[in-house]
Amino acid sequence: MSLEAKFETLAIHADAWQTSDVAPPLHVASTYKYADGFNDAAARRAGLLPPVDADYAGPLPVGDEHIYSRLSTDTRRRAETVIGALEGGKAVTYASGLAAATAAFLHVQPKRIFSSREGYYGVRGAMAIYVRTKPSVQVFHLEEEDAAAPYVFEEGDLIWLEMPQNPRGEVYDIRAYAARKPAGATIGVDSTFAPPPLQYCLQAGADIVMHSCTKYFGGHSDLLAGVLIVKDEQRVKQLFEDRDNLGNTMGNMEAWLLLRSLRTHKLRVLKQSETATNLATWLNSLITGTCCKEDEEALSIVERVWHGSVPGQPGHEVIKREGWGYSPCMSIQFKSPHHARLVVPRFKYIINATSLGGVDSLIEWRYGVDPKIHPGVCRFSVGLEAFEDLKADLKAGFLEVKALVSSMPAK
């Protein structure tokens with residue numbers, strides 16, 4: 001169903017289906033009865049029966065009927081319809097975000113890949129597997145580009161941008177890369193950390209947008225899923241065909257949970273973004289000289305706040321120019337790795353756990369899972385708790401860990 005409606009209306013009605021159920025039903029069947037006329041339609045396509053003429057009164061050739069759940073289900077199709085409408089393209093879902101990223105690499109078949117040497121280590125691993133199967137593929141890192149001698153992109157290149165980038169939230173200028181991209185090259189963007197309505201990467205010039213739906217689209221820390229969104233009809237057709245053959249399909253239960261979560265997506269993400277922006281301002285206040293006297297001791301262990309709302313953050317001006325919103329996820333860089341290591345389990349409401357995007361606030365010492373990251377950095381995913389409660393929780397934890405580290409013997 002095609003609708004011209006606002007974002008929150010599309011989240012609820014873009015998948016309007018011919019059913020009397022107000023809430024989408026959960027279908028768990030793995031296989032379906034063939035539709036009437038299925039075999040005849042196959043025979044006609046193969047030339048074993050004459051083609052249908054104007055006087056034919058039998059069953060019509062099979063169209064959208066389901067056959068096997070790896071190929072299609074109602075619930076998964078509905079979730080894809082909604083995500084496509086929200087992002088402004090056509091969506092293909094997968095069993096996880098990494099499955100979606102891998103599907104993108106296999107689909108594009110790049111001869112050269114341009115990407116950050118940082119970002120999510122899982123996607124770096126998926127990229128390495130692709131390169132292992134094609135030893136001729138060259139990988140170039142965006143951090144090493146010389147402004148005096150910029151990269152010259154060619155047909156067959158993949159420019160892979162993760163933005164905001166895990167864990168510090170750097171944002172790239174998609175339009176600048178799109179202006180340099182020749183025909184036959186592809187821009188892929190991992191937009192997991194800032195889904196629409198916070199940013200719209202297809203509109204800015206991306207060819208493929210990827211999300212780990214486990215994060216903000218799912219929003220409740222209870223499902224694994226991924227998605228690719230494209231505009232080109234041939235590309236989406238090929239992605240569906242590839243998924244059917246690779247078998248990296250999202251399950252029925254996950255599709256149902258995802259569709260449920262999409263209904264409230266905008267309400268959740270905008271509130272999380274607002275709270276995160278307010279917390280980033282407070283966390284950065286001692287650095288900017290705007291800190292209240294009673295907060296100075298707690299904030300004295302903060303070295304830097306990495307968030308799109310902070311002036312000087314890589315990509316801050318891009319976000320402002322595009323009119324985008326700020327991610328609900330940030331990183332706090334502490335003055336000592338021991339502050340970062342010891343603070344994460346010391347909160348009342350903020351949970352020491354990996355992942356992001358859920359209604360519960362989560363914090364993680366990122367060096368513990370990715371040693372490429374500075375050991376003083378903690379990634380902080382802001383949930384739906386009250387700003388005042390999270391601020392008080394952070395302050396108490398900072399004060400406790402400051403005293404603890406101060407009492408540690410010097411090396």
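The shown structure was predicted, so the numbers you read here are calculated from the model rather than taken from an experiment.

**Student:** Tell me about the overall build of the protein, residues and numbers included.
**Tutor:** Scanning the protein from terminus to terminus reveals 15 helices and 12 strands. Whereas a compact globule of 411 residues would reach a radius of gyration of roughly 22 Å, the protein reaches 24 Å, a difference of no more than 12%. Looking at the protein residue by residue over its 411 residues, the buried ones come to 50%. The contacts of the protein with a sequence gap of at least 6 include a subset with a gap of at least 24, amounting to 71%.

**Student:** Mind laying out the packing of aromatic side chains, listing which residues take part and the relevant values?
**Tutor:** For the coordinates displayed, the defined rule picks out 10 aromatic pairs. Following the ring pairs from residue to residue traces out a cluster consisting of Phe114, Phe140, Tyr151, Phe153 and Tyr177. Its end group placed over the ring of Trp306, Arg304 keeps NZ or CZ at 3.6 Å from the ring centre.

**Student:** So what's going on with the packing of helix 4 (residues 97-108) against helix 8 (residues 233-246)? Which residues, and what values?
**Tutor:** The N-to-C vectors of helix 4 and helix 8 enclose an angle of 115 degrees; their axes lie 11 Å apart at closest approach. As helix 4 packs across helix 8, the resulting crossing turns out to be right-handed. Residue-level contacts link Ala103, Leu106, His107 and Val108 of helix 4 to Arg235, Gln238, Leu239, Asp242 and Leu246 of helix 8. By residue class, the composition of the contact of helix 4 with helix 8 is five nonpolar, two polar and two charged.

**Student:** Pulling in residues and values, what's your account of the pattern of salt bridges?
**Tutor:** Using the criterion set out here, one finds 22 salt bridges in the structure. Ionic pairing is found between Arg243 and Glu80, a salt bridge with its closest N-O pair at 2.8 Å. On the criterion of sequence distance, the pair formed by Arg243 in helix 8 and Glu80 in helix 3 (residues 74-87) is long-range, its members being 163 residues apart. The class of Arg243 is buried, set by a relative accessible area of 1%. Note that Glu400 and Arg346 form a salt bridge whose closest N and O atoms lie 3.2 Å from each other.

**Student:** Tell me what's going on with the sheet that holds strand 7 (residues 226-230), and back it up with residues and numbers.
**Tutor:** Spatial ordering of the open sheet is given by 1-7-6-5-4-2-3, a layout of seven strands whose pairing is mixed. Edge strands, defined here as strands with exactly one partner in the open sheet, are strand 1 (90-94) and strand 3 (138-141). Pairs of neighbouring strands in the sheet enclose a mean axial angle of 20 degrees, with direction left out of account. The pairing of strand 1 with strand 7 spans five bridges and is classified as antiparallel. Within the sheet, the bridge partner assigned to Ala91 lies in strand 7 and is Ile229.

**Student:** How would you sum up the side chain of Arg235? Please name residues and give values.
**Tutor:** Within the secondary structure, Arg235 sits in helix 8. Although Arg235 is buried, it makes no salt bridge; Asp232 carries the closest opposite charge, 5.0 Å away. The contacts of Arg235, once residues within four sequence positions are left out, are His107, Val108, Thr186, Asp207, Ile208 and Val230.

**Student:** Tell me about the layout of surface pockets, and please be specific about residues and values.
**Tutor:** Computed from the structure, the second largest pocket encloses a volume of approximately 340 Å³. Around the second largest pocket, the lining comprises 21 residues; the ones closest to its centre are Leu98, Tyr120, Ser212, Lys215 and Leu356. For the lining of the second largest pocket, the class distribution of residues is eight nonpolar, eight polar and five charged.

**Student:** Any details on a nonpolar patch on the surface? Residues and values, ideally.
**Tutor:** On the surface, Leu26, Val28 and Met253 cluster together into a nonpolar patch covering about 280 Å² of accessible area. Topologically, Val28 is positioned in the loop between helix 1 (7-13) and helix 2 (38-45).

**Student:** Summarise unusual backbone geometry; cite the residues concerned and give the values.
**Tutor:** A cis amide bond links Asn166 with the next residue in sequence, Pro167, at an omega value of 0 degrees. Positionally, Pro167 belongs in the loop between strand 4 (157-162) and helix 6 (174-180). Here the amide bond leading from Pro196 into Pro197 is cis, since omega sits at 15 degrees, within 30 degrees of zero. Backbone geometry at Gln109 places phi at a positive 55 degrees, although glycine is not the residue there. Mapped onto the elements of the fold, Gln109 is located in the loop between helix 4 and strand 2 (112-115).

**Student:** Run through the packing of helix 3 against helix 9 (residues 252-262), naming residues and quoting values.
**Tutor:** Put simply, helix 3 and helix 9 touch, their axes get as near as 8 Å, and they point 35 degrees apart. Where helix 3 crosses over helix 9, the handedness of that crossing is left-handed. Contacts from Thr75, Arg76, Arg78, Ala79, Val82, Ile83 and Leu86 of helix 3 reach helix 9 at Ala255, Trp256, Leu258, Leu259 and Leu262.

**Student:** Now, about helix 8: what can you tell me, with residues and values included?
**Tutor:** Helix length check: helix 8, at 14 residues, gives a terminal C-alpha distance of 20 Å against a target of 20 Å (1.5 Å per residue), a fit within 8%. Buried within helix 8 are the following residues: Arg235, Val236, Leu239 and Arg243. Down the axis of helix 8, the buried set is contained in an arc of 95 degrees. They therefore lie on one face. Every exposed residue of helix 8 that faces more than 90 degrees away from the buried side is listed here: Gln234, Lys237 and Asn245. In this structure, the buried residues of helix 8 make contact with helix 3, strand 1, helix 4, strand 5 (186-190), strand 6 (208-212) and strand 7. By the N-cap criterion, in which a side-chain oxygen at the helix start approaches the backbone nitrogen of a residue two or three places on, helix 8 is capped by Asp232, the distance to Gln234 being 3.2 Å.

**Student:** How would you sum up the state of the cysteines? Please name residues and give values.
**Tutor:** In this structure the tally under the stated criterion is zero disulfides. A disulfide-free cysteine, Cys378 has its sulfur positioned 12 Å from the sulfur of Cys329, the nearest such atom. When its relative accessible area of 0% is taken as the criterion, Cys378 is described as buried.

Parameters and conventions
- Residues numbered from 1 in each chain as written.
- Predicted model: local features only at pLDDT ≥ 70, side-chain atom pairs only at ≥ 80, totals over all residues.
- Heavy atoms only, no water.
- Helix = DSSP H or I, 4+ residues; strand = E, 2+ residues; numbered from the N terminus.
- Rg over C-alpha atoms; globule rule 2.2 N^0.38 Å.
- Buried < 20%, exposed > 50% of the residue type's maximum accessible area, 1.4 Å probe, protein only.
- Contact = heavy atoms within 4.5 Å.
- Phe/Tyr/Trp six-rings, centres within 6.5 Å; stacked < 30°, edge-to-face > 60°.
- Lys NZ or Arg CZ within 6 Å of the ring centre and 35° of its normal.
- Axes fitted to C-alpha atoms, helices over the stretch in contact; angles between N-to-C directions.
- Left-handed = near helix turned anticlockwise from the far one by under 90°.
- Nonpolar A, V, L, I, M, F, W, Y, C, P; charged D, E, K, R; others polar.
- Salt bridge = Lys/Arg side-chain N within 4 Å of Asp/Glu carboxyl O.
- Pairing = 2+ DSSP bridges.
- Lys, Arg positive; Asp, Glu negative; His and termini not counted.
- 1 Å grid on protein atoms, 1.4 Å probe; cavity = no way out; pocket = protein on both sides within 12 Å on 5 of 7 lines; lining within 4 Å.
- Points joined across faces, edges and corners; volume = space filled by probe spheres on them.
- Patch = residues over 30% accessible without salt bridge, like charges linked within 9 Å, V, L, I, M, F, W, Y side chains within 5 Å.
- Areas by Shrake-Rupley, 256 points an atom, 1.4 Å probe, with all protein chains shown as cover.
- Expected span 1.5 Å × (residues − 1).
- Arc of directions from axis to C-beta.
- Polar contact = N/O pair within 3.5 Å; in protein donor to acceptor, adjacent residues only side chain to side chain.
- Disulfide = S-S within 2.5 Å.

These figures capture arrangement, not role.
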